[in-house]
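Residue-level structure breakdown
Okay, here's what each chain looks like letter by letter:
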Amino acid sequence: MDIHTVSSFVSKNIISTKEGRKCVDGRYEDDEYSGMIARAGADFGYVMAMLGYNSEQKLNLSVEQCVDIVYKSIIDLEGTFYMHTDTHADPTIPYSIGCGHASKAMSQEYALTFGLDPEQVQKALLLLKDSPERPVTLVTLQGDHAEEGVLIIKNEDYTVNSKDDEHMYFIYDKKRDDLFLKDLVEKIGMDQLVYENFQRVSTLQLGATLQALAKGLPIFEVTIDEEHDIQVTN
């Protein structure tokens, strides 16, 4: 996988951005989720960041408090809380979910790299999954992972579809995720919640997911200007 191949893919798959969050997972179809902020775990990723921040900063919040703080603030900001699963999730296990960001954090093998307690992640997931009190938009992704690399998009107005007929990539909309994270921190309005530290915890967890799901894959940074001129670096 080289810069020329990535540049060609990006040029054919540029799309305008829109509200909403989806996961970095490359299996999203070119559909209603196209253009949303691609970030690890979609909105559940912000809950995981709050759990990690709570533990690191010793805020002594319960798991349910962490869930509610993030959930209510996202609903206030945009009205919808987004998550995803896939067809490989085990329906006999209540906390089974086809989102690698969440599922890896619930495993003892990877928990330390996420800075999370797997049981807390499980509890948080159960508080949101199939909960009438906290309705979420849950999309089920089809098929298997076939990502060839990671594209980090550094643009507010444009992003990239994660796949076409030839290629599939993990997509992370870094600039837009950072901006939404800042809005989220402001909406939460806790004196103890400092954006720079919250963003650091979130980035650490993103790195843990990429280490688990994209280990060995090339990572490219992508910038797109108003004329759709593309710059790809790695």
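Up top is the structure these notes are about.
Residues numbered from 1 in each chain as written. Predicted model: local features only at pLDDT ≥ 70, side-chain atom pairs only at ≥ 80, totals over all residues. Heavy atoms only, no water.

On a plain count of helices and strands, the chain comes out with eight helices and ten strands. By the compact-globule yardstick of 17 Å for 234 residues, the chain fits well, its C-alpha radius of gyration being 17 Å. Taken over 234 residues, the chain has a buried fraction of 53%. Nonlocal contacts in the chain, meaning residues at least 24 apart in sequence, comprise 67% of its contacts between residues at least 6 apart. Accessible surface, the chain: about 10,900 Å² in total, of which carbon and sulfur atoms supply 46%. Computing the positive centroid from 21 side-chain charges and the negative centroid from 40, the chain places the two 5 Å apart. (Helix = DSSP H or I, 4+ residues; strand = E, 2+ residues; numbered from the N terminus. Rg over C-alpha atoms; globule rule 2.2 N^0.38 Å. Buried < 20%, exposed > 50% of the residue type's maximum accessible area, 1.4 Å probe, protein only. Contact = heavy atoms within 4.5 Å. Areas by Shrake-Rupley, 256 points an atom, 1.4 Å probe, with all protein chains shown as cover. Lys, Arg positive; Asp, Glu negative; His and termini not counted. Charge placed at Lys NZ, Arg CZ, Asp CG, Glu CD.)

Looking now at the side chain of Glu 147. In this structure, Glu 147 sits in the loop between strand 5 (137-141) and strand 6 (150-153). Of the side chains bearing the opposite charge, Arg 27 lies closest to the buried Glu 147, which forms no salt bridge; the N-O distance is 5.2 Å. Looking at Glu 147, its side chain comes within polar contact range of the main-chain nitrogen of Gly 26, at 2.8 Å. Looking at Glu 147, its side chain comes within polar contact range of the side chain of His 145, at 2.9 Å. Leave out the neighbours within four places in its chain, and Glu 147 touches Asp 25, Gly 26, Arg 27, Met 168, Tyr 169, Phe 170 and Leu 217. (Salt bridge = Lys/Arg side-chain N within 4 Å of Asp/Glu carboxyl O. Polar contact = N/O pair within 3.5 Å; in protein donor to acceptor, adjacent residues only side chain to side chain.)

With respect to the secondary-structure elements, Asp 86 resides in strand 4 (residues 82-86). Here the side chain of Asp 86 touches Ala 89 through a polar contact of 3.2 Å, landing on its backbone nitrogen. Ignoring any residue separated from it by four or fewer positions in sequence, one finds Asp 86 in contact with Arg 27, Gly 98, Thr 140 and Leu 141.

Core analysis: the biggest nonpolar cluster contains 61 residues, and Phe 44, Val 47 and Phe 198 have the highest contact counts within it. In terms of residues, this core owes the most to one element, helix 2 (residues 42-57), which gives nine residues. Not counting chain neighbours up to four residues away, the residues in contact with Phe 198 comprise Tyr 46, Ala 49, Met 50, Tyr 53, Leu 181, Leu 184, Val 185 and Leu 193. Within the second largest apolar cluster, 15 residues are counted, among which are Val 10, Ile 14, Val 160 and Tyr 169. (Core = buried A, V, L, I, M, F, W, Y, C linked by side-chain atoms within 4.5 Å.)

Let us now look at unusual backbone geometry. A positive phi is found at Asn 60, a non-glycine position, where the angle reads about 60 degrees. Positionally, Asn 60 belongs in the loop between helix 2 and helix 3 (63-78). Classification of Asn 60 by relative accessible area gives exposed; the value is 70%. Its identity as a non-glycine residue notwithstanding, Asp 130 has a phi of 60 degrees, on the positive side. As for its placement among the helices and strands, Asp 130 is situated in the loop between helix 6 (118-128) and strand 5.

The four strands are arranged 8-6-9-10 in an open sheet whose pairing can be described as mixed. At either margin of the open sheet sits one strand with a lone partner, and together these are strand 8 (170-173) and strand 10 (230-233). In this sheet, adjacent strand axes meet at a mean angle of 25 degrees when their direction is disregarded. As judged from the four bridges shared by strand 6 and strand 8, these two strands associate in the parallel manner. The residue of strand 8 that forms the bridge with Val 150 is Phe 170. Sheet contacts for helix 1 (residues 3-13): strand 6, strand 9 (219-224) and strand 10; angle to strand 10, the most-contacted strand, approximately 145 degrees. (Pairing = 2+ DSSP bridges. Axes fitted to C-alpha atoms, helices over the stretch in contact; angles between N-to-C directions.)

This brings us to the packing of aromatic side chains. One pass over the full model with this rule turns up six aromatic pairs. The interplanar angle of 40 degrees and the centroid separation of 5.3 Å between the aromatic rings of Tyr 71 and Phe 81 together place this pair among those described as tilted. Highlighted residues: Tyr 71 in helix 3 and Phe 81 in the loop between helix 3 and strand 4, separated in sequence by ten residues. In this pair, the class of Tyr 71 matches that of Phe 81, namely buried. Three or more aromatic residues link up through ring pairs in this structure, and these residues are Tyr 28, Tyr 33 and Tyr 82. The ring centre of Tyr 46 lies 4.0 Å from the NZ or CZ of Arg 39, which sits over that ring. Here Lys 182 stacks its cationic end above the ring of Tyr 195, 4.9 Å away from the centre of that ring. (Phe/Tyr/Trp six-rings, centres within 6.5 Å; stacked < 30°, edge-to-face > 60°. Lys NZ or Arg CZ within 6 Å of the ring centre and 35° of its normal.)

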